[in-house]
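Summary of structural features
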Amino acid sequence: MKKAIVLFLILAGAVILLSGCAAPNDEPIAEFNISENQLQSICRLATLKCYFNNVAKTTMEGNFIQKDSEMWIEYSGTVNMGVDFSKVTLEADGDKLIITMPDAEVLNADDPQIDENAYFFSEKNIFSAKMTAEDERDAFTEAQENMMMTANESKTLLRAAKTRAQVLIENYVNQMDELAGTSHMIVWKAMG
């Protein structure tokens, strides 16, 4: 009886192991389907975050008792670069996917986080002009505008942001092709 049970268990184990050795299924697992919304979501995720060592500087004007003084605020500025995802379009032409994408641009600048250790003064005594909230705000506004202008002029960073979006889209298309058992060629079209 024990031999019959052992033989039965060995046969059952062999059947279970061999059932996993079936021939591969050539049928696609999924249907190839990519929409503009999916490409736009990928572009939204492909945002490139660039950090700048930024300095906000202002001169506080004194009066007949106080003398002029200067103030610097050093902080890390952050700019987000990427492709305006709302302008990305997709056309399917047989096995070609024609993707129209604008050049990358500066999307926005994050608000900086600043602590009291970031403030520096040329002179800080009773005879120095005092900083006002308006002085600080104006210095920050000018520093942020300069940072945005510098980022907009950086062709290398803008090209990297666009390339990042294209690589993510290509990877996505390749993965969808692999799942669906299809093959598509991507044709990039610049916006006119």
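Here the residue numbers are simple positions, counted from 1 along each chain's written sequence. The model is predicted, so local features are restricted to residues of pLDDT at least 70 and side-chain atom pairs to those at 80 or more, both for listing and for counting; the totals for chains, interfaces and linings are taken over all residues. Only heavy atoms go into the side-chain values, all of them from the structure, while hydrogens and water stay out.

**Things to note about the overall build of the protein chain**
To keep it simple, the criterion reads: Secondary structure is summarised from DSSP: a helix means a run of H or I of at least four residues, a strand means a run of E of at least two, and numbering begins at the N terminus for each. Per-residue accessibility, obtained with a 1.4 Å probe over protein chains only, is compared with the maximum for each type, and a residue is labelled buried under 20%, exposed over 50%, and partly exposed between these values. Note on areas: these come from Shrake-Rupley sampling with a 1.4 Å probe, and a residue is covered only by the protein chains present in the view.
Broken down by element type, the protein chain carries four helices and seven strands. In the protein chain, the succession of helices and strands from N to C terminus is α-α-β-β-β-β-β-β-α-α-β. Burial status across the protein chain gives 31% buried among its 192 residues. Taken as a whole, the protein chain presents about 13000 Å² of accessible surface, with 55% of it coming from carbon and sulfur.

**Focus on a negative patch on the surface**
What counts, and what does not: Patch definition: residues above 30% relative accessible area lacking any salt bridge, with like charges linked at up to 9 Å and the nonpolar side chains Val, Leu, Ile, Met, Phe, Trp and Tyr linked at up to 5 Å. A pair is scored as a salt bridge if a Lys or Arg side-chain nitrogen falls within 4 Å of a carboxyl oxygen belonging to Asp or Glu. The charged-residue count follows a simple rule in which Lys and Arg add positive charge and Asp and Glu add negative charge, with His and chain termini not counted at all. A charged residue contributes its charge at one atom only: NZ of Lys, CZ of Arg, CG of Asp or CD of Glu.
A contiguous patch of negative charge, built from Glu36, Glu91, Asp93 and Asp95, is present on the exposed surface. Positionally, Asp95 belongs in the loop between β3 (89-93) and β4 (96-101).

**Digging into the sheet that holds β3**
Short version of the rule: A pair of strands is treated as paired once DSSP finds two or more bridges between them. To define axes, lines are fitted to C-alpha atoms, for helices over the stretch in contact only, and angles between the resulting N-to-C directions are given on a 0 to 180 degree scale. Here, two residues are considered to be in contact whenever any of their heavy atoms come within 4.5 Å of each other.
Spatially, β3-β4-β7 is the arrangement adopted by the three strands of the open sheet, whose pairing is mixed. A single partner strand is all that each edge strand has here, and the edge strands are β3 and β7 (185-190). Shown here is a sheet whose adjacent strand axes are inclined to one another by a mean of 25°, direction ignored. Lying on the sheet, helix α4 (residues 155-180) is in contact with β4 and β7; it crosses β4 at an angle near 155°.

**Some words on helix α3 (residues 133-153)**
The test is simple: Helices are assigned an expected span. That span is 1.5 Å times one less than the residue count. It is the directions from the helix axis to the C-beta atoms that the arc portrays.
Between its terminal C-alpha atoms α3 stretches 30 Å, which fits the 30 Å expected from 21 residues at 1.5 Å a residue. The set of residues buried in α3 consists of Asp135, Ala139, Phe140, Ala143, Gln144, Met147 and Ala151. One face of α3 carries all of its buried residues, which in axial projection span an arc of 155°. Among the exposed residues of α3, those pointing more than 90 degrees away from its buried face are Arg137, Glu145 and Glu153. Elements that come into contact with the buried residues of α3 comprise β1 (48-60), β2 (69-82), β5 (105-110) and α4.

**Here we look at the side chain of Asp84**
The following threshold applies: As used in this structure description, the phrase polar contact means that two N or O atoms lie within 3.5 Å; if the pair is within protein, one of them must be able to donate a hydrogen and the other to accept it, and residues adjacent in sequence are counted only when both atoms belong to side chains.
If you trace the backbone, Asp84 turns up in the loop between β2 and β3. A distance of 2.8 Å separates the side chain of Asp84 from the side chain of Ser86, its partner in a polar contact. The residues touching Asp84, leaving out its near neighbours within four places in the chain, are Pro102 and Glu105.

**So, the nonpolar core**
Formally: Residues enter a nonpolar core if they are buried and are Ala, Val, Leu, Ile, Met, Phe, Trp, Tyr or Cys, with the set joined through side-chain atoms within 4.5 Å.
Leu39, Met81 and Ile169 are the most contacted members of the largest nonpolar core, which has 27 residues in total. Elements represented by at least two residues in this core include exactly α2 (36-45), β1, β2, β4, α3 and α4. Here the element with the most residues in this core is α4; it accounts for six residues. Each residue touching Met81, except ones within four places of it in the same chain, is listed here: Thr47, Leu48, Cys50, Glu105, Val106, Leu107, Ala151, Leu157, Leu158 and Ala161.

**Section: the environment of Ile99**
Within the secondary structure, Ile99 is located in strand β4. Through-space distance from the C-alpha of Ile99 to that of Ala190 is 8.5 Å; in sequence the pair is 91 residues apart. Apart from the residues lying within four places of it in its own chain, the contact partners of Ile99 are Leu39, Val88, Thr89, Leu90, Ile169, Ile186, Val187, Trp188 and Lys189.

**Here we look at the packing of α2 against α4**
Threshold: Geometric relationships in this document are graded by angle, where less than 35 degrees denotes roughly parallel, more than 145 denotes roughly antiparallel, 65 to 115 denotes roughly perpendicular, and other angles denote oblique. Here a crossing is taken to be left-handed if its near helix is turned anticlockwise relative to the far helix by less than a right angle, and right-handed if that turn runs clockwise. Only Asp, Glu, Lys and Arg are considered charged, only Ala, Val, Leu, Ile, Met, Phe, Trp, Tyr, Cys and Pro nonpolar, and every remaining residue, Gly among them, polar.
As a packed pair, α2 and α4 sit with axes 9 Å apart at the nearest point and diverge in direction by 135°. What the angle tells us is that α2 and α4 run oblique. When the axes of α2 and α4 are compared, the crossing they make is right-handed. Residues Gln38, Leu39, Ile42, Cys43 and Leu45 of α2 form the contact with α4, whose participating residues are Arg164, Ala165, Leu168, Ile169 and Tyr172. Of the residues that constitute the contact of α2 with α4, the class distribution is eight nonpolar, one polar and one charged.

**What about the confidence of the model for the protein chain?**
Put simply, the rule reads: Confidence scores labelled pLDDT are given residue by residue by the predictor and lie between 0 and 100.
For the protein chain, mean pLDDT is 78; residues scoring 70 or higher make up 82% of the total. Every residue in residues 11-23 scores below 50 in pLDDT, and together they form zero contacts with partners more than four places removed in sequence or on other chains.

**Observations concerning α4**
Helix length check: α4 (26 residues) gives 37 Å between terminal C-alpha atoms against 38 Å at 1.5 Å per residue, within 8%. When α4 is considered as a whole, its buried residues turn out to be Leu158, Ala161, Lys162, Ala165, Gln166, Ile169, Val173, Met176, Asp177 and Ala180. Immediately beyond the C-terminal end of α4, within one or two residues, lies Gly181, with a positive phi of roughly 70°.

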